[in-house]
Amino acid sequence: MQPITDRPIRWGVLATGGIATSFVEDLAAVPGAELFAVASRREESARAFADRHGIAHAYGSWQELAADPEVDVVYVATPHAAHHSATALLLEAGKAVLCEKPFTLNAGQSAELIALARKREVFLMEAMWTYLDPTVRRIAELVADGAIGEVRSVQAEFGFVAAEDPTHRLWDPAAGGGALLDLGVYPVAFAQLLLGAPESVQAWARLTGSGVDANTGILLGHAGGATALLSCSLDVQCGQRAAVQGSAGRIEIDRDFFHPAGFTLYRDDAEPEVFTGPAKTGHGYGLEAAEVMRCLRAGETESPLVPLDSTLSVMRTLDAVRDRIGVRYPGE
């Protein structure tokens, strides 16, 4: 892949929902980014989105966006079930891709996309902003430096109360609905950032009549006896808390562990240390766009901060959880 060093990087956006809106609002503040095109399956939807955000090119099909030679990179903001088909189309056309999380419905689909990107030597990254958050990265650095000794336990929760509506994507199996893929990907990714892939996966869930999970608890077992106790829910208003516990101390995040404002470090025989992260700007998607653009300017086809192998490892854990709780999506 040739580095892009002498001009703005031209972005396309595939889909026109709420998360696409948040992304383009943040992209406007990223230096060197040009919001160039948007695509939807309906031309009127693409045109309305383009008019709202001042985008010059609006396409009524994904294929038209993929074929536009002026587009450098595309942000895929479709519902989960369409991530694989949309991203595969773009990679085949030679487009760099930032794909929303969860990367795909299952690890098999993720492995296909990763193999395709590597074969075509095209950039690909999951939009896992947690791995790019400077406060989370600081936590990972402290853990790696032994600030709390050997990590023995990670705990994380992510949940909110959502009215059960079979027509909404959160509750629709055809859209990859349920708490696990929408919310559970965050605690699993957080735990694996600190502990790596688990050796054992256990889980329990409340399933809806349509067969998606509404409330799921997860226990991961890691080498050396470390554990991760995780939960995700569409039934419970969680505090979005997390804790990392080690042999010589612990780290606690009181709120929004996936993009926290700060955390507290407790060490044996020492006063608690309160860390405050940098002020948040926008919705948080600018971190993703900036990392993609850094990679494109450096000629890199994968991000070292959101590596594809880590994305695949998380998807394998999510598959194992679904196997334990009995969730299957149409076509699997």
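Small disclaimer: the values here were computed from a predicted structure and weren't measured.

Engineer: What is the right way to read the overall build of the chain from this model?
Structural biologist: Along its length, the chain carries nine helices and 14 strands. A globule of 332 residues ought to have a C-alpha radius of gyration of about 20 Å, and the chain, at 20 Å, matches this closely. Going through the 332 residues of the chain one by one, you find that 55% of them count as buried. Restricting to contacts in the chain with at least 6 residues of sequence separation, those with at least 24 account for 67%. Accessible surface, the chain as shown: approximately 13700 Å² in total, 50% of it carbon and sulfur.

Engineer: What exactly am I supposed to notice about the sheet that holds strand S7 (residues 151–159) here?
Structural biologist: Through backbone hydrogen bonds, the strands of a sheet pair up, either in parallel or in antiparallel fashion. Reading across the sheet, the eight strands line up as S8-S9-S10-S7-S11-S12-S13-S14 and stay open at both edges, with mixed pairing between neighbours. Of all strands in the sheet, those with a lone pairing partner are strand S8 (200–207) and strand S14 (273–276), marking the two edges. In this sheet, adjacent strand axes meet at a mean angle of 10 degrees when their direction is disregarded. With eight bridges joining them, S8 and strand S9 (residues 213–221) adopt antiparallel strand pairing. Following the sheet pairing, Gln202 is matched in S9 by Leu219. Docked against the sheet, helix H6 (residues 134–144) engages S7, strand S11 (242–246), strand S12 (249–253), strand S13 (262–267) and S14, running at close to 15 degrees with respect to S13. Its contacts with the sheet place helix H9 (residues 308–325) against S8 and S9, and it is angled at close to 55 degrees to S8.

Engineer: In this structure, what is going on with the side chain of Ser303? I would like to understand it.
Structural biologist: Along the chain, the position of Ser303 falls in the loop between helix H8 (286–298) and H9. On the basis of relative accessibility, which here comes to 2%, the residue Ser303 falls in the buried class. Within the structure, the side chain of Ser303 is placed 2.7 Å from the side chain of Glu291, a separation counted as a polar contact. Here Leu305 takes part through its backbone nitrogen, which lies 3.1 Å from a polar atom of the side chain of Ser303. Excluding its chain neighbours within four sequence positions, the residues that come into contact with Ser303 are Phe123, Met125, Glu291 and Cys295.

Engineer: Whenever I open this one, the packing of aromatic side chains confuses me. Can you help?
Structural biologist: To describe a pair of aromatic rings, you give the distance between the ring centres and the angle between the ring planes. All told, the structure shown has 11 aromatic pairs when counted by the stated rule. Their ring planes at 55 degrees and their centres at 5.5 Å tell us that Phe158 and Tyr186 sit as a pair that is tilted. With Phe158 in strand S7 and Tyr186 in helix H7 (residues 179–195), this pair connects stretches of sequence that are 28 residues apart. An aromatic cluster of at least three residues, connected via ring pairs, comprises Trp129, Phe158, Tyr186, Phe190, Phe257, Phe258 and Tyr285. Over the face of the ring belonging to Phe36 we find Arg10, whose NZ or CZ atom lies 6.0 Å from the ring centre. Note that Arg250 overlies the ring of Tyr266, its terminal NZ or CZ placed 4.0 Å from the centroid.

Engineer: Which parts of the structure should I look at to understand the side chain of Asp213?
Structural biologist: Considering the arrangement of structural elements, one finds Asp213 in strand S9. Buried and without a salt bridge, Asp213 has Arg322 as its closest oppositely charged side chain, separated by 7.6 Å. Among the polar contacts made by the side chain of Asp213, one reaches the main-chain amide nitrogen of Leu180 at a distance of 3.0 Å. Other than its neighbours up to four places away in sequence, Asp213 contacts Gly177, Gly178, Ala179, Leu180, Ala205, Arg206, Leu207, Cys232, Leu234, Ile325 and Val327.

Engineer: Teacher, can you tell me more about the packing of H7 against H9 here?
Structural biologist: To describe two helices that pack against each other, one gives the angle between their axes and the distance between the axes. Contact geometry for H7 and H9: axes closest at 10 Å, N-to-C directions at 125 degrees. Between H7 and H9, the angle is such that the two are oblique. In this structure, H7 meets H9 at a crossing whose hand is right-handed. Together, Leu180, Leu181, Gly184, Val185, Val188, Ala189 and Gln192 of H7 and Ser313, Val314, Thr317, Leu318, Val321 and Arg322 of H9 make up the contact between the two elements. Its residues assigned to classes, the contact of H7 with H9 shows eight nonpolar, four polar and one charged.

Engineer: Just to check I follow, could you spell out the sheet that holds strand S3 (residues 57–59) for this structure?
Structural biologist: Taken in spatial order, the six strands of this open sheet run S3-S2-S1-S4-S5-S6, and their pairing is parallel. Looking at strand neighbours, the two that pair on one side only are S3 and strand S6 (124–127), the edges of this open sheet. Each strand of the sheet is rotated relative to its neighbour by a mean of 25 degrees, with strand direction disregarded. Note that strand S1 (residues 9–14) and strand S2 (residues 33–39) share six bridges and pair parallel. Of the residues in S2, the one forming a bridge with Leu14 is Ala39. Those strands touched by helix H1 (residues 18–27) are S1, S2, strand S4 (73–76) and strand S5 (96–100), and its axis lies near 165 degrees from that of S1.

Engineer: Explain the pairing of S6 here, please?
Structural biologist: Within a regular strand, side chains alternate between the sheet's two faces. Of the pairings in the sheet, the one linking S5 to S6 comprises four bridges and is parallel in character. The residue bridging Glu100 from the neighbouring strand is Ala127, located in S6. Taken together, S5, helix H5 (residues 107–120) and S6 constitute a β-α-β crossover, and its handedness is right-handed.

Rules used in this analysis
Residues numbered from 1 in each chain as written. Predicted model: local features only at pLDDT ≥ 70, side-chain atom pairs only at ≥ 80, totals over all residues. Heavy atoms only, no water. Helix = DSSP H or I, 4+ residues; strand = E, 2+ residues; numbered from the N terminus. Rg over C-alpha atoms; globule rule 2.2 N^0.38 Å. Buried < 20%, exposed > 50% of the residue type's maximum accessible area, 1.4 Å probe, protein only. Contact = heavy atoms within 4.5 Å. Areas by Shrake-Rupley, 256 points an atom, 1.4 Å probe, with all protein chains shown as cover. Pairing = 2+ DSSP bridges. Axes fitted to C-alpha atoms, helices over the stretch in contact; angles between N-to-C directions. Polar contact = N/O pair within 3.5 Å; in protein donor to acceptor, adjacent residues only side chain to side chain. Phe/Tyr/Trp six-rings, centres within 6.5 Å; stacked < 30°, edge-to-face > 60°. Lys NZ or Arg CZ within 6 Å of the ring centre and 35° of its normal. Lys, Arg positive; Asp, Glu negative; His and termini not counted. Salt bridge = Lys/Arg side-chain N within 4 Å of Asp/Glu carboxyl O. Parallel < 35°, antiparallel > 145°, perpendicular 65-115°, else oblique. Left-handed = near helix turned anticlockwise from the far one by under 90°. Nonpolar A, V, L, I, M, F, W, Y, C, P; charged D, E, K, R; others polar. Right-handed = clockwise from strand over helix to strand, strands pointing away.

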